[in-house]
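Each chain, letter by letter, is given below.
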Amino acid sequence: MTTVTTATGQPATTTDLVDRYHRDGFVVLPGALGPAEVEELREEAVRLCRGDLAEIGGAAGPVPGESDEDLLRRFLCVHYPHKVSEVAARAMHAPAVVALLTQVIGPNVKSMQSMLFVKSEGKPGQPWHQDEYFIPTRDRSLTAAWIALDDATVENGCLWVLPGSHRRGVLYPARDQDDDEFDCSVEAYDFPYQDDDAVPVEVPAGAAVIFNGYLLHRSLRNSGRHGFRRALVHHYMSAESLLPWRAVPDNVHVGMHDFRDIVMVAGEDPYAYKGVEDISRPLSRPDKDGGCDR
Ligand SMILES: O=C(O)CCC(=O)C(=O)O
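Residues numbered from 1 in each chain as written. Predicted model: local features only at pLDDT ≥ 70, side-chain atom pairs only at ≥ 80, totals over all residues.

Undergrad: Please set out the overall build of the protein residue by residue, giving values where relevant.
TA: When helices and strands are tallied, the protein shows 6 helices and 15 strands. Looking at the protein as a whole, 39% of its 294 residues are labelled buried. Of the contacts made within the protein by residues no fewer than 6 positions apart, 82% connect residues no fewer than 24 positions apart. (Helix = DSSP H or I, 4+ residues; strand = E, 2+ residues; numbered from the N terminus. Buried ≥ 20, exposed ≤ 12 C-beta atoms within 10 Å, placed from the backbone. Contact = placed C-beta atoms within 7 Å.)

Undergrad: Describe the pairing of strand β11 (residues 208-212), listing the residues and the values that go with them.
TA: Burial analysis of β11 places 5 of its 5 residues in the buried class, the great majority of the element. Here β11 shows a buried face lined by A208, I210 and N212 and a second buried face lined by V209 and F211. One ladder, built from 4 bridges, connects strand β3 (residues 26-29) with β11; its direction is antiparallel. Looking across to β11, one finds that F26 is bridged to F211. Across 5 bridges, the pairing between strand β6 (residues 143-148) and β11 is antiparallel. (Pairing = 2+ DSSP bridges.)

Undergrad: Can you break down the environment of K110 residue by residue, with the values?
TA: In this fold, K110 is placed in strand β5 (residues 109-117). Overall, K110 belongs to the buried group, with 24 C-beta atoms counted inside 10 Å. Residues K110 and M237 lie 127 residues apart in sequence; the distance between their C-alpha atoms is 5.6 Å.

Undergrad: Summarise the site of the ligand; cite the residues concerned and give the values.
TA: Around the ligand, the structure places F117, G125, Q126, D131, A144, W146, G157, H217, S219, A231 and V233. Looking at the shell around the ligand, the elements with two or more residues in it are β6, β12 (217-219) and β13 (231-238). (Near = placed C-beta within 6 Å.)

Undergrad: Please give an account of the environment of R260 that cites residues and values.
TA: Tracing the backbone through its elements, the reader meets R260 in the loop between β13 and β14 (263-266). The spatial distance from the C-alpha of R260 to the C-alpha of Y271 is 9.3 Å, given a sequence separation of 11 residues. Dropping the residues within four chain positions of it, R260 is found in contact with K274, G275, V276 and E277.

Undergrad: Which residues make up the packing of helix α1 (residues 14-24) against helix α5 (residues 95-104), and what are the values?
TA: One can describe the packing of α1 onto α5 by two numbers: an axis separation of 10 Å at closest approach and a directional angle of 60 degrees. Taken together, α1 and α5 sit at an angle that is classed as oblique. Our pair here, α1 against α5, has a crossing hand that is right-handed. Together, T14, L17, V18 and Y21 of α1 and L100, Q103 and V104 of α5 make up the contact between the two elements. For the contact of α1 with α5, the class distribution of residues is 5 nonpolar, 2 polar and no charged. (Axes fitted to C-alpha atoms, helices over the stretch in contact; angles between N-to-C directions. Parallel < 35°, antiparallel > 145°, perpendicular 65-115°, else oblique. Left-handed = near helix turned anticlockwise from the far one by under 90°. Nonpolar A, V, L, I, M, F, W, Y, C, P; charged D, E, K, R; others polar.)

Note that all results are geometric; they support no functional claim without further evidence.
Shown next as structure tokens:
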């Protein structure tokens with residue numbers, strides 16, 4: 001049995017972490033990445049945002065004379081860095097994260113999404129939501145690994161969660177919102193929890209927040225008093241489940257739709273005979289500065 005030291009300095013066995021995950025819907029895994037890996041990812045973020053690795057959809061090109069920090073400040077988040085960055089692709093397989101995933105999901109685990117949040121001073125957060133609303137699995141196995149690349153604090157817009165909100169296994173409705181605190185994402189509503197029930201998840205750089213796809217969570221604007229709040233997020237699920245994500249092709253029965261731009265991180269893929277596809281391209285996520293495209 002593995003023992004790790006939690007963010008509060010208490011030793012925790014893998015069993016403790018798994019129990020907390022099931023009880024609260026989230027758990028903090030300290031030291032998921034080491035300091036050198038965190039630094040390598042921060043440097044890769046600059047290359048990615050500069051367009052050195054590939055064109056980033058929705059992003060303006062480099063500005064002559066712009067500092068690396070000012071370049072980063074133009075980005076809220078880049079989706080799918082793992083498709084063009086070997087460094088980001090490697091982080092998807094972070095051994096401590098994958099070991100925990102096999103305990104909470106099962107032996108066969110695939111990933112379909114990565115997101116590199118840059119979230120500089122003043123950038124908005126995301127309103128209450130459940131990740132399974134956006135990435136449906138058939139067996140409720142969606143699990144996020146949110147890896148801090150800076151110390152994530154209330155000041156710079158860390159995650160907030162509603163502990164235990166995953167347990168009902170209910171997806172709540174979502175609607176557009178125009179709160180300046182948040183980007184253009186829809187907000188979940190009509191759920192039986194209050195904002196006062198929420199807890200901030202402050203974690204040091206290198207720690208991962210592992211959370212369930214039904215957990216209600218959000219993040220607030222970066223106040224600008226504690227620098228960048230970079231984070232690399234991966235979504236995982238059981239490889240046994242089909243992934244009915246994105247548009248269903250015309251000739252495919254909705255119940256058999258299976259998005260195949262996936263990466264196996266543990267075990268075996270029961271659908272390996274289908275092969276994998278190369279669909280997702282890196283994309284800059286709009287913040288509200290440019291308005292919301294509705
Ligand atoms: O990093 C953030 O600010 C929000 C991330 C989030 O909500 C998610 O990954 O689902």
